[in-house]
Amino acid sequence: MKTRYLACLAITALSVLWTGCAKKVASKTPPPPAPISTSEASATARSTPQQSASQQPVERSANTQSRMPDAATRARIQDLLNRIQDAYFDYNKHTLRPDAETALRSDAQTLSEIVRQYPDFKLTVEGHCDERGSEEYNMALGDARAKQTQEYLSSMGLPGDQLRTISYGKEHPVCNDHDEDCWQKNRRAHLTQAQ
């Protein structure tokens with residue numbers, strides 16, 4: 001009887017000790033921190049090197065907005081693009097002529113200064129050809145013209161990763177006559193805002 005009593009006492013003591021030493025878990029989760037406004041987020045980012053996970057999405061959304069130009073800046077970019085003349089090419093060539101380099105250089109520096117401020121903003125360099133030649137040949141030639149123009153603009157300071165290229169071959173002519181003057185107008189590289 002004594003052993004039975006001691007066994008029960010030992011089991012009771014162990015169960016009391018085991019349940020008494022368990023970790024206490026908070027019954028209620030703490031409330032999330034109050035959202036930080038954009039100006040507070042940038043001030044906090046400057047003052048503290050490490051941010052909590054709840055502050056990071058707020059700051060990311062502020063940066064996302066500033067990575068693309070607003071409507072007024074887009075209008076200014078479009079005005080510069082309208083002033084930059086198309087770069088014209090010789091028949092069956094994709095190398096830039098001196099007059100094409102001059103046309104591209106005219107406002108490229110100002111455009112570069114604006115575009116660098118908006119890393120998510122892209123420009124498109126379109127390559128065009130005249131109506132002569134096969135569709136496949138003109139697509140390849142238009143692509144080579146666009147890439148040559150992209151390289152030149154990059155050398156003038158425009159960020160290369162913000163310049164995409166596309167070839168339209170002979171599909172988007174600016175002139176539909178069938179003479180050399182018209183064909184010359186269609187052999188070109190044109191710079192636009194990416195859609």
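For the structure, see preceding data.
Notes on the structure follow. Note that the structure is predicted; figures quoted are calculated from it, not measured. (Residues numbered from 1 in each chain as written. Predicted model: local features only at pLDDT ≥ 70, side-chain atom pairs only at ≥ 80, totals over all residues. Heavy atoms only, no water.)

A few points about the overall build of the protein
Scanning the protein for helices and strands turns up eight helices and four strands. Reading the helices (α) and strands (β) of the protein from amino to carboxyl end gives α-α-α-α-β-α-α-β-α-β-α-β. Within the protein, the proportion of its 195 residues that are buried is 31%. Within the protein, counting contacts between residues at least 6 apart in sequence, those at least 24 apart form 73% of the total. Here the protein displays about 12900 Å² of accessible surface, and carbon together with sulfur accounts for 55% of that area. (Helix = DSSP H or I, 4+ residues; strand = E, 2+ residues; numbered from the N terminus. Buried < 20%, exposed > 50% of the residue type's maximum accessible area, 1.4 Å probe, protein only. Contact = heavy atoms within 4.5 Å. Areas by Shrake-Rupley, 256 points an atom, 1.4 Å probe, with all protein chains shown as cover.)

A short note on the side chain of Asn 138
Residue placement: Asn 138 occurs in helix 7 (residues 135–155). Overall, Asn 138 belongs to the buried group, its relative accessible area being 2%. Looking at Asn 138, its side chain comes within polar contact range of the main-chain oxygen of Asp 130, at 3.4 Å. For Asn 138, the contacting residues outside a window of four places in its chain are Cys 129, Asp 130, Glu 131, Arg 132, Gly 133, Ser 167, Gly 169 and Lys 170. (Polar contact = N/O pair within 3.5 Å; in protein donor to acceptor, adjacent residues only side chain to side chain.)

Overview of helix 5 (residues 98–105)
Given 3.6 residues per helical turn, the α-helix brings residues three or four places apart onto the same face. All buried positions along helix 5 are accounted for by Ala 100, Ala 103 and Leu 104. For helix 5, the angular spread of buried residues about the axis comes to 95°, placing them on one side. (Arc of directions from axis to C-beta.)

Some details on the nonpolar core
By size, the foremost hydrophobic cluster in this structure holds 24 residues, and its most contacted members are Leu 111, Leu 123, Leu 153 and Leu 191. Secondary structure elements with two or more residues in this core: helix 4 (71–83), helix 5, helix 6 (108–115), strand 2 (123–128), helix 7 and strand 4 (188–193). Setting aside its immediate chain neighbours within four residues, Leu 123 contacts Ile 77, Leu 81, Leu 111, Val 115, Leu 158, Gln 162, Leu 163, Arg 164, Leu 191, Thr 192, Gln 193 and Ala 194. (Core = buried A, V, L, I, M, F, W, Y, C linked by side-chain atoms within 4.5 Å.)

So, the packing of helix 5 against helix 7
Each pair of packed helices gets described by two things: the angle between the helix axes and the distance between those axes. Where helix 5 contacts helix 7, the axes come no closer than 11 Å and their chain directions differ by 55°. By the criterion of interaxial angle, the relationship of helix 5 to helix 7 is oblique. Once helix 5 is placed against helix 7, the crossing between them reads as right-handed. From helix 5, Glu 101, Leu 104 and Arg 105 reach across to helix 7, where they touch Thr 149, Tyr 152 and Leu 153. Split into classes, the residues belonging to the contact of helix 5 with helix 7 amount to three nonpolar, one polar and two charged. (Axes fitted to C-alpha atoms, helices over the stretch in contact; angles between N-to-C directions. Parallel < 35°, antiparallel > 145°, perpendicular 65-115°, else oblique. Left-handed = near helix turned anticlockwise from the far one by under 90°. Nonpolar A, V, L, I, M, F, W, Y, C, P; charged D, E, K, R; others polar.)

Structural notes on the state of the cysteines
All chains considered together, the criterion is met by one disulfide. Between the sulfur atoms of Cys 175 and its disulfide mate Cys 182 the distance is 2.2 Å. Because the sign of the S-S torsion sets the handedness, a value of about -130° for the bond joining Cys 175 and Cys 182 places this disulfide among the left-handed ones. (Disulfide = S-S within 2.5 Å.)

Considerations on the pairing of strand 2
Looking along a regular strand, one sees the side chains alternate between the two faces of the sheet. Along strand 2, six of the six residues are buried, which leaves the element largely enclosed by surrounding structure. With burial as the criterion, each face of strand 2 is covered, one bearing Leu 123, Val 125 and Gly 127 and the other bearing Thr 124, Glu 126 and His 128. Summarising the sheet, strand 2 and strand 3 (residues 163–169) pair through six bridges and their orientation is parallel. From the neighbouring strand, Thr 124 faces strand 3, where its bridge partner is Arg 164. (Pairing = 2+ DSSP bridges.)

Digging into unusual backbone geometry
Of note in this structure, Asn 92 is not a glycine but carries a positive phi near 60°. Here Asn 92 is to be found in the loop between strand 1 (87–88) and helix 5. The partly exposed category is assigned to Asn 92, whose relative accessible area is 38%.

Some words on the sheet that holds strand 3
The four strands lie next to each other as 1-4-2-3, forming an open sheet whose pairing is mixed. Each edge of the open sheet is held by one strand with a lone partner, namely strand 1 and strand 3. Across the sheet, helix 4 lies against strand 2 and strand 4, angled at about 170° from strand 4, the strand it touches most.

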